[in-house]
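# Fold and geometry: a report
Single-letter residue listing:
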Amino acid sequence: MTDNNQYVIGQPDVIAAIVKAIAASPCPDCNADTEQTTDQHGTQHLAVLHDNTCPTYREMNS
Ligand SMILES: [Zn+2]
């Protein structure tokens, strides 16, 4: 993976809780956006979109 997106897959209530947590304390470096999609099984997919240069994301994945 070469992009800076974190992906979470889960039940709608789990995803909603994560979105709420991110909204309450967004990424301090890039204010990462979130993107929610629902697949054909009704499972929610959440992408947390960090900037390409985000040091917080880099630290999480080092
Ligand atoms: Zn970030």
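It should be emphasised that the depicted structure is a prediction, and the values quoted were computed from it without experimental measurement.

Moving on, we come to the sheet that holds strand β3 (residues 44–49). Strand order across the open sheet formed by 3 strands is β1-β3-β2, with antiparallel pairing between neighbours. Because the sheet does not close on itself, it has two edges, and the strands there are β1 (5–10) and β2 (33–38). For this sheet, the mean angle separating the axes of adjacent strands, direction not counted, is 20°. Sheet topology note: the β1/β3 ladder contains 6 bridges and is antiparallel. For Tyr-7, the partnering residue across the bridge sits in β3 and is Ala-47.

Here Asn-31, not a glycine, exhibits a phi torsion of approximately 55°, which is positive. One can find Asn-31 in the loop between α1 (12–24) and β2.

A few words now on the pairing of β2. Judged by how many residues are buried, β2 sits mostly at the surface: 0 of 6 residues are covered. In the sheet, β2 pairs with β3 via 6 bridges, with the strands oriented antiparallel. If you follow Thr-34 over to β3, its bridge partner there is Val-48. In this antiparallel pair of consecutive strands, β2 and β3, the connection spans 5 residues, and Gly-42 shows a positive phi of 85°.

Inspection of the secondary structure assignment puts Thr-38 in strand β2. In this structure Thr-38 comes out as exposed when scored by C-beta crowding, with 11 C-beta atoms within 10 Å. The contact partners of Thr-38, leaving out residues within four places of it in the chain, are Thr-43 and Gln-44.

Once that is clear, we can look at the confidence of the model for the chain. This prediction gives the chain a mean pLDDT of 91; 97% of its residues lie at or above 70. In the model of the chain, β1 stands out as the element of lowest mean pLDDT, 91, in contrast to β3, which has the highest, 94.

Rules used throughout
- Residues numbered from 1 in each chain as written.
- Predicted model: local features only at pLDDT ≥ 70, side-chain atom pairs only at ≥ 80, totals over all residues.
- Pairing = 2+ DSSP bridges.
- Helix = DSSP H or I, 4+ residues; strand = E, 2+ residues; numbered from the N terminus.
- Axes fitted to C-alpha atoms, helices over the stretch in contact; angles between N-to-C directions.
- Buried ≥ 20, exposed ≤ 12 C-beta atoms within 10 Å, placed from the backbone.
- Contact = placed C-beta atoms within 7 Å.
- pLDDT = per-residue confidence, 0-100.

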